[in-house]
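# Structural features, examined
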Amino acid sequence: MKQFAALYDAIDASTATSSKVAALVTFFRKAPPADAAWAVAFLTGRRPKRLVKAPDLRAWAGDAAGVPPWLFEECYAQAGDLAETMSLLVPEGDARESEGLSWWVEHRLLPLATRDAEAQKADLLDAWSTLGGSARFVFNKLLTGAFRVGVSDGLVVRALAEVSGVNAETIAHRLMGQWEPSATWYTQLVGTETTDADWSRPYPFFLAYPLEAELSSLGEVHEWQIEWKWDGIRCQLVRRRGRTFLWSRGEELLASRFPEVESCAEWLPDGTVLDGELLAWRDGRPLPFSELQRRINRKTVGKTLLADVPCALLVYDCLEQGGIDVRAHSMTDRRAMAASCVRSLPSGASIALSPVLDPPTWEAASAARADARGAMAEGLMLKRRVSPYGVGRRGGDWYKWKVTPLTVDAVLVYAQTGHGRRAGLYTDYTFAIWDGDTLVPFAKAYSGLTDAEIRQVDRFVRANTVEKFGPVRTVKPELVFELAFEGIQRSTRHKSGIAVRFPRIARWRQDKPAREADSLETVRALLHD
Amino acid sequence: MLRTTDRGLYCEAGDFFIDPWAAVPRAVVTHAHGDHLTWGCDGYLVSHDGAGVTRERLGRWGSGVDAVVYGETRVVNGVSVSLHPAGHILGSAQVRLEYRGEVWVVSGDYKTDPDRTCAPWEPVRCHTFITESTFGLPIYRWPSQRQVFDELNGWWAANAAEGRVSLLCAYALGKAQRLLSGLDPAIGPILTHGAVERMTALYRHGGVALPSTVHTTDALRAKATTGAIVIAPPSVTGSTWLRRFGEVRTAFASGWMRVRGARRRRGVDAGFTLSDHVDWPQLLTAIDATGAERVWVTHGFTGPVVQWLTARGLDARAIATRWEGERDDAAVDAGDDDAPAVADASAAHESAP
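Residues numbered from 1 in each chain as written. Chains lettered and ligands numbered in written order. Predicted model: local features only at pLDDT ≥ 70, side-chain atom pairs only at ≥ 80, totals over all residues.

## A short note on the overall build of chain A
Counting its regular elements, chain A contains 19 helices and 22 strands. For a compact globule of 529 residues, the expected C-alpha radius of gyration is about 24 Å, and chain A comes in at 26 Å, within 12% of that figure. Principal axes of the C-alpha set define a box for chain A whose edges measure 70 × 70 × 50 Å. For chain A, with 529 residues in total, the buried portion stands at 40%. The contacts of chain A with a sequence gap of at least 6 include a subset with a gap of at least 24, amounting to 71%. (Helix = DSSP H or I, 4+ residues; strand = E, 2+ residues; numbered from the N terminus. Rg over C-alpha atoms; globule rule 2.2 N^0.38 Å. Buried ≥ 20, exposed ≤ 12 C-beta atoms within 10 Å, placed from the backbone. Contact = placed C-beta atoms within 7 Å.)

Take a look at the structure:
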């Protein structure tokens, strides 16, 4: 556990990718395979779900520290992280542990899930007194299901490739899909002979950077395949050995959640992998994302919901055909393969080809982007026609070109302290707009201000608090911010009757008094209906 | 005996203020940090040990400084005033007031940890104790100084071995000298920024033994910065001045570094938990040691401290201050090393009845 904690500290302390990779390499060289397996799992975001109820954790940590619940909450608000609050409050024991990561995970952490509260408490008190320093903090992060550290999957892959001599693409592919971290699994991961036992595995997704360059720097418009950027769930549909696996970009298996798409996939030949977007889809048009949300979290779908919110997979790309990996082929070729796959499906299928727009000029492309909201799209995707299907996010070949966001000027009304590096600072804001003479809460936004602006707003909040409700402060409605967002919908769940998608702060309107912020009426006018 | 006013704590019987934040005729000042010392008063009463740094800070108002040694009593309009070591920085004092048999003590900023650069804090028995609460939450518990200095010297040595200069950011008055007292001069040269050097000279003049230091300007001219550690106010981070040292690793030393989020937010390579304020256990022990039945809480986490003390049967309340002490980011943003932050008006809302 100490070695893994030391790795965590080394990654945490550095911003340079080279020293992060060096720390990873050092760790993997020395770690027993079972420890290395769990480390790969945690570093690539496969966290155990929260194993103990949060209120229990708070109560037991508070007991161990001699801190009453109200004071625990004050501490939590300041530290901004439950695992850290527990680590800082519970007195250190004699830190005599010497077991490795896998022992702690398999013998202490995971068994908590099936134990009763009394036994959980005893186990935790024992762990807290046995683990010291960073090891205890890391244990608590795993315990609360909030383990996160500043390495991308790409860096982990790089380090594993360096340690094993297996090329990075192969490692990345072997890390896809679902696997159980174990010594055997790790040995196969870094093994030089091919052991692609898991045939359900998707390919690593190729991702796009936002377009920031001038259009003119991209060359001729016809060098680019231009298509709608849909606002759904990016997916890979894997059809092998007579079975279908629908994977989300988060590498979650969406089994049985989208039965219409899965049953349609049965028509596809074995050895087919398609990349596309799952959308709530009716009459050749997407439904709002909020409709799709109704489907996402249902493990099984009832008949009514299936009829209310029909879904479809809009196919962008083909990654495997006839059991052969075709990712190195050009976009144009892969598009043709995708088209032939989709053409072989019966009419009215829930798998369709996402259209290519083919604008004759960049001006026409610009115009299409301006119309994207009308097409219920987020913007455009630009894909170089000669580009292969890469791994991860890489510049040059694929760009996303989103629509210009909608904006509204709103007034800061509530503030709450943030988490992580914003701990103890008021960074989580609720904004309101005018409905006659009253301000109606309209959206929450946590991002978009610079550190310096955050500190200014933090000071304003402290000096202008009107009321406190637990961690939330009501402030004098004085500061006006321009909020940007991607989409706007009617909503029965929001006080304002409106829900916006991806709200963030575009800028601080220090030039505007609160009275001149936007009204519900002007915001309603942005609705598309 | 004391009441809060728009200019700070006022003693009506003695007709003087303690650590006022606006010009007043007569001020008793606990120490020379910007949030306790203000310009423009006609007279200042400070500790003998603190007179040097106070005069330096006050510039032309320095002629109004009058000093007493710790424990010496002055009678001001019938109120007996004496100053007692607070252990915060050189010359920092608690103010003891006695009038008609009643005793009040104003702590100023203080710590009970030992510190080679100033006289140690002394408990002073009183009826009413006015305490700071900068780190008044139980998450703030200081690691042993020995451990922190070992880590700090280890960090410096590792940077030096890689051919990098170490930049240690700390408030120019107090923290900088305390850090100096714990550095191992065998590792390499110790350089000081001008603001730090001025205060360090006054410490030496006051009889505090510190390792020898070189002004950064001289070291840069002589190209003698290899393996050095530079002690400078936090305002230098990101400055062009810093580039002259080549590849630099940066650290910040403060009680706030106890919390990971604060370390990350500052964007330094390392954070060392070293504070000149009491942590939570020290705060409670100190309050206990005064024997006070009434406690006024200011500067920091007033709400939680008041609630804790009230639950333990003390008559506690929060008093509003215009300053918020050594608040994490705020203090650093201001160009001056320890310039004050803005008030927390919510202190009033958090006060117990």
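Back to the text.
## Details of the pairing of strand S11 (residues 128–133) of chain B
Residue and element names in this part refer to chain B. Counting buried positions along S11 yields five of six residues, so the element is predominantly enclosed. Bridge analysis of strand S10 (residues 102–106) against S11 gives three bridges, and the strand direction is parallel. Paired with Trp 104 across the bridge in S11 is Thr 128. Across six bridges, S11 lies against strand S18 (residues 294–300) in parallel orientation. Considered in S18, the bridge of Ser 133 is made with Gly 300. (Pairing = 2+ DSSP bridges.)

## Notes on the domain arrangement of chain A
What the domain assignment lists for chain A is domain 1 (2–143), domain 2 (206–402) and domain 3 (406–524). The gap between the C-alpha centroids of domain 1 of chain A and domain 2 of chain A is 39 Å. (Domains from an automatic or database assignment.)

## Side note on the sheet that holds strand S11 (residues 379–384) of chain A
Residue and element names in this part refer to chain A. The strand order S2-S13-S11-S3 describes an open sheet built from four strands, whose pairing is mixed. Lying at the two open borders of the sheet, with one neighbouring strand each, are strand S2 (209–210) and strand S3 (224–229). The pairing of S11 with strand S13 (residues 398–402) spans five bridges and is classified as antiparallel. Each residue of the ladder has a partner; that of Lys 383, found in S13, is Trp 398.

## Things to note about the domain arrangement of chain B
Residue and element names in this part refer to chain B. On domain assignment, one finds that chain B holds domain 1 (2–140 + 277–350) and domain 2 (145–272). Just the C-alpha atoms count here: the centres of domain 1 and domain 2 sit 28 Å apart. At the level of secondary structure, the elements contributing two or more residues to the side of domain 1 that touches domain 2 comprise helix H1 (51–58) and helix H10 (328–333). For the side of domain 1 that touches domain 2, the leading source of residues is H1, giving three residues.

## Looking at the confidence of the model for chain B
Regions with low pLDDT should not have their predicted coordinates read in detail. Residues and elements named next belong to chain B. Counting all residues, the mean pLDDT for chain B is 89, and 91% of those residues have values of 70 or more. Low pLDDT, under 50, characterises residues 324–353; the predicted model gives this stretch 78 contacts beyond four residues in sequence or across chains. Prediction confidence for the complex, expressed as pTM and ipTM, is 0.75 and 0.88 respectively. (pLDDT = per-residue confidence, 0-100.)

## Concerning the environment of B:Pro143
Residue and element names in this part refer to chain B. For Pro 143, the position within the fold is in the loop between S11 and helix H2 (145–161). For Pro 143 and Cys 118, which are 25 residues apart along the polypeptide, the C-alpha to C-alpha distance reads 20 Å. Excluding residues within four positions of it along the chain, Pro 143 makes contact with Val 148 and Thr 273.

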